[in-house]
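Residues per chain are reported as follows:
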Amino acid sequence: MLWLSESHKHSLKVLTSGPALHLLPEPVRVRARQGGAMRHAEEVTFGGSGLDRAAELRGDIPALAALANDGATRCIVLWRGKPLVRGERGLELVRLPLDHPIMAHAGQEPVLLGREEAGAIFAHDISHWAPEDLDEHSLTAFVDASEQVHPRVPDARFAELRMIMTRLNARDAELAATARAIGSWHKTHGFCAQCGAPSVVHKAGWERICPACGAHHFPRTDPVAIMLITRGNKTLMGRSPGWPKGMYSCLAGFVEPGETIEAAVRRETWEEAGVRVGAVRYLASQPWAFPSSLMFGCHGEAISDEIKIDPEEMDDVRWMTREEIADAFAGNNPDVLPARKGAIAHFLLRNWLADRLD
Ligand SMILES: [Zn+2]
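Please read all numbers here as calculations on a predicted model, not as lab measurements.

J.: Just give me the short version of the overall build of the protein chain, but keep the residues and values in it.
T.: Secondary structure assignment for the protein chain yields nine helices and 16 strands. Out of the 358 residues belonging to the protein chain, those deemed buried represent 37%. A separation threshold of at least 6 residues defines the contact pool for the protein chain, and within that pool the share at least 24 residues apart is 63%.

J.: Help me get a handle on the nonpolar core, residues and values and all.
T.: Counting residues in each nonpolar core, the largest one holds 82 residues, and the members touching the most others are Ile76, Ala179, Ala225, Ile226, Met227, Cys250 and Ile344. Per element, the largest residue contribution to this core is eight residues, and it comes from helix α6 (residues 170-188). Once residues lying within four places of it in the same chain are set aside, the contact partners of Ile76 are Pro83, Leu84, Leu93, Val94, Arg95, Ile121, Ala123, Leu175 and Ala179.

J.: I'd love a proper account of the sheet that holds strand β10 (residues 216-217), names of residues and values included.
T.: Sheets are built from strands paired through backbone hydrogen bonds, the pairs being either parallel or antiparallel. Ordered by their spatial adjacency, three strands build an open sheet running β8-β9-β10, and the pairing between neighbours is antiparallel. The open sheet terminates on both sides in strands that have one partner only, identified here as β8 (200-202) and β10. Of the strand pairs in this sheet, strand β9 (residues 207-209) and β10 are connected by two bridges, and their pairing is antiparallel. What sits directly across from Arg208, in β10, is His217.

J.: For the confidence of the model for the protein chain, give the residues involved together with the corresponding values.
T.: Summing up the model confidence of the protein chain, the mean pLDDT is 89 and the portion of residues at 70 or higher is 90%. Within the model, the stretch residues 1-36 combines pLDDT values under 50 with 37 contacts to residues more than four positions away or in other chains.

J.: Tell me what's going on with the environment of His100, and back it up with residues and numbers.
T.: Here His100 is to be found in the loop between β3 (91-93) and β4 (111-115). Taking the C-alpha atoms as reference points, His100 and Arg74, separated by 26 residues in sequence, lie 9.9 Å from one another.

J.: Mind laying out the pairing of strand β2 (residues 82-87), listing which residues take part and the relevant values?
T.: It is a general feature of regular strands that their side chains alternate between the two faces of the sheet. Pairing analysis gives two bridges linking strand β1 (residues 74-79) to β2, with the strands arranged antiparallel. The residue bridging Leu78 from the neighbouring strand is Pro83, located in β2. Counting the residues in the hairpin turn of β1 and β2 gives two residues, including Arg80, whose phi is positive at 45 degrees. Of the pairings in the sheet, the one linking β2 to β3 comprises three bridges and is antiparallel in character.

J.: So what's going on with helix α7 (residues 261-273)? Residues and values would help.
T.: In a regular helix each residue adds 1.5 Å, so 13 residues correspond to 18 Å; α7 covers 18 Å between its end C-alpha atoms and thus fits that length. Those residues of α7 not exposed but buried are Ala264, Val265, Arg266, Glu268, Thr269, Glu272 and Ala273. Contacts from the buried residues of α7 go to β11 (222-231), β12 (234-239), β13 (251-254), β14 (277-288), β15 (293-302) and β16 (316-321). The positive-phi residue at the C-terminal boundary of α7 is Gly274, with phi of around 70 degrees.

J.: Please provide a residue-by-residue account of the pairing of β12, values included.
T.: The pairing of β11 with β12 spans two bridges and is classified as antiparallel. Residue Thr230 lies in a different strand from β12, and its bridge partner there is Thr235. Remark: two residues form the turn of the hairpin made by β11 and β12, two consecutive strands paired antiparallel; Gly232 in that turn has positive phi of roughly 60 degrees. The pairing of β12 with β16 spans six bridges and is classified as antiparallel. Bridging across to β16, Met237 finds its partner in Arg318.

J.: Any chance you could break down the environment of Leu134 for me, citing the residues and the numbers?
T.: Considering the arrangement of structural elements, one finds Leu134 in the loop between β5 (120-125) and α4 (136-139). For the pair Leu134 and Ser146, spaced 12 residues apart in the sequence, the C-alpha separation amounts to 9.4 Å.

J.: Please give an account of unusual backbone geometry that cites residues and values.
T.: In this chain, Phe290 is followed by Pro291 through a cis amide linkage whose omega measures 5 degrees. Looking at where Pro291 falls in the secondary structure, it is placed in the loop between β14 and β15. In this structure, Ala54 takes a positive phi of about 50 degrees despite not being glycine. Relative to the elements of secondary structure, Ala54 occurs in the loop between α2 (26-34) and α3 (61-68). If you check the backbone angles, Asp355 has positive phi at about 60 degrees while not being a glycine.

J.: So, the environment of Phe290: which residues are in play, and what are the values?
T.: Tracing the chain through its elements places Phe290 in the loop between β14 and β15. The class of Phe290 is partly exposed, set by 14 C-beta atoms lying within 10 Å. When the C-alpha positions of Phe290 and Gly81 are compared, they lie 9.0 Å apart, and in sequence the two are 209 residues distant.

Rules behind the numbers
Residues numbered from 1 in each chain as written. Predicted model: local features only at pLDDT ≥ 70, side-chain atom pairs only at ≥ 80, totals over all residues. Helix = DSSP H or I, 4+ residues; strand = E, 2+ residues; numbered from the N terminus. Buried ≥ 20, exposed ≤ 12 C-beta atoms within 10 Å, placed from the backbone. Contact = placed C-beta atoms within 7 Å. Core = buried A, V, L, I, M, F, W, Y, C linked by C-beta atoms within 7 Å. Pairing = 2+ DSSP bridges. pLDDT = per-residue confidence, 0-100. Expected span 1.5 Å × (residues − 1).

If you want it as structure tokens, here you go:
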């Protein structure tokens, strides 16, 4: 196995893992998961399933080698960021043995995602596989509805995660989002950011090391503030250029270096809509692996009404009342397509309508 390479043996001495949530007693874990924010926060899609990520095994070469030979170990598979799933209404990730023939397309060693009741679970990326009759154009559409079937697993298909995210259970959603995010990090971080030399996979996929200069590189997560801005009975909704006709959602933007999440909420709302925001509070977060964001859902109270759009960033921004949003969710507002189900904007709006932001 590649895990037994010299660089990995070396890694054992280099880093140790910090304390992890799964090591804490159950009551503490439950309190830790609940936190002090919104009561329903972790019901959001990709809100987490309490997966034991087994971080202490990532650098343990003998343990990883044993898992590789353990008949209970399973692997999920992604192709160009699309997980392999099976089923109709309710979908499940396909869990295959590590030596399944489909893994022959894998470009690198699998990533250890964690430990389930049945055994360890890994992820393999088989993006090198070239399906027959592939329509490349469909993969870059705003919504990729195409599905690809590999002949060695004919009862399953690769499907765009955003299309199927609400049909996966919490565990499979967490596994798929984790595998997708870390897979795209490896794809775009093959070279050392310090010296430019090719870097190598390390720590069962959770690190890259540069053999030339010795730098360690870790998976990145980009913080994004997404804000439910309200003023009385109305909320601020915007649409970006290129979105499908009528689609509106909460405003959002990347948190900048040196900035708090609250400050980012105020700055982005001012830049995109010209609206001033006073009190801001955090509500819920959502890992958004498209490709590597962590969405911080916040509630901001507007202190001004007038909208002045930044045309570079926004196609339109408008105030919408609770009634208009409720109509849109019910499909009775032909001018407004509300935020996609499964996205945190949809979750925040739904909870606002139901008076459940606390
Ligand atoms: Zn380097």
